[in-house]
Each structure stands twice: as structure tokens, then as C-alpha cells.
Amino acid sequence: MSEQPVEEQLLSLPDGRTLAFASAGNTSSSRVVIFFHGSFGVGTATNPLAPALVDRNVHFISPTLPGWGNTSSVPPHVSFHEQLYQDISVLLSHLHPDYDELELYISGGSFGTVPAQILYAAPYEKFPAGRHIRGMLLLAPFSPFRVHKEYAKCLSWANYIA
């Protein structure tokens, strides 16, 4: 059976912005994986999901990050992390209105590991669903440049990001 891309959906946010996302798997499952795309991608999902996710009865959600694809940019007066908390909270409330029963798994690839880490460490007052996070998986992690001060001696920003 070949994988088929899942059609992207658009969610109108309370502030008038739009959040694009793809979703696959069991939409009524309480086990939810949120996957953030990498630097040159947008949120995608395929159907069927990988067998490991199907076996675990997962609802897979892949939001498109602010400013990418069909998702609106972050307004100039709002920080990226604050907007991320709000957008993902609205998305979860939309897809899982009674999210008190959720088991959340946060993941990201490449640049998407940054928002994954932001959500994983979010204060519960800002991201209440964070109480339900059970784990995080980072694929090809993109760590902050400040953590790798030695790189500055031999790598340009462009080379570091590449």
C-alpha cells in the first residue's frame, strides 16, 4: 500500500490569522503526536501512518509553522513562543475539545526541533496542554547557536544553519 499525502486543513484563529495543518490516524484517539516540520518544509502527514504509529492508535498532527506555507506570520508585537503557545492550544482545542485525557508527544525535525523544545518546556500557565506531554522526539536537532560558541570560530551563520 502506497502512502498518500493528507490534504492540508486551514483553521481560523481567534486573532484573525490562519493556521494550516495536516492530520492523520485515529482522530478520536487520546494519544496525540504533534510534529513540527523542518527548515524547507511545511506540515505534512501521510495516510496510512507508519506502522508503529498505527499500532499505537495515534492521532498525528503536523501544523505548519507561522510564516510558512498557508499559516499566517506572527504579528510584529508578539513573540514567536507566545504565538506558538496560543496557536497550538487553539489547534488542540479544535481537534480534541476535551484534551484532559490526552497523552501528548511532541516532535520535530531540523528547524522544527526548536518549536518542539519550546512547547516541551512551556510554562503550564501559557500552554496548559503541556501537563499532558509524555515525551519528545527530536530528529536532526537544531540547537541554539549560543550553545556552540566554538562554531563561531570556523563557521559562518549560513554554514552553521546548513
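The preceding data block contains the structure.
If you're wondering where the values come from, they're calculated on a predicted model, not measured in any experiment.

**A closer look at helix α2 (residues 80-95)**
In step 1: If you check α2, its first and last C-alpha atoms are 22 Å apart, about what 16 residues at 1.5 Å a residue would give, namely 22 Å.
In step 2: Buried within α2 are the following residues: Q83, L84, Y85, D87, I88, S89, L91 and L92.
In step 3: Against β2 (9-12), β3 (18-25), β4 (31-36), β6 (58-63), β7 (103-109) and α3 (113-120) lie the buried residues of α2.

**Some remarks on the packing of aromatic side chains**
In step 1: The tally for this structure, following the rule as stated, stands at two aromatic pairs.
In step 2: Between F35 and F60 the ring centres are 6.2 Å apart and the planes differ by 20°, which places this aromatic pair in the stacked class. With F35 in strand β4 and F60 in strand β6, the pair connects residues that are 25 residues apart, well separated along the chain.
In step 3: Considering the side-chain rings of W68 and F111, the 6.5 Å spacing of their centres and the 35° angle between planes classify their relative orientation as tilted. Within this pair, whereas W68 is found in the loop between β6 and α2, its partner F111 is found in the loop between β7 and α3, the two being separated by 43 residues in sequence.
In step 4: W68 sits in the partly exposed class, given a relative accessible area of 28%.

**As for the environment of L19**
In step 1: Relative to the assigned elements, L19 resides in strand β3.
In step 2: Taking relative accessible area as the criterion, L19 reaches 2% and is therefore assigned buried.
In step 3: Sequence separation of L19 and D87 is 68 residues, and the distance between their C-alpha atoms is 7.3 Å.
In step 4: When near neighbours in sequence (up to four residues on either side) are disregarded, L19 contacts Q9, L10, L11, L13, P63, T64, T71, D87 and L91.

What counts and how
- Residues numbered from 1 in each chain as written.
- Predicted model: local features only at pLDDT ≥ 70, side-chain atom pairs only at ≥ 80, totals over all residues.
- Heavy atoms only, no water.
- Helix = DSSP H or I, 4+ residues; strand = E, 2+ residues; numbered from the N terminus.
- Expected span 1.5 Å × (residues − 1).
- Buried < 20%, exposed > 50% of the residue type's maximum accessible area, 1.4 Å probe, protein only.
- Contact = heavy atoms within 4.5 Å.
- Phe/Tyr/Trp six-rings, centres within 6.5 Å; stacked < 30°, edge-to-face > 60°.

Functional significance is not addressed by these values, which are geometric in nature.
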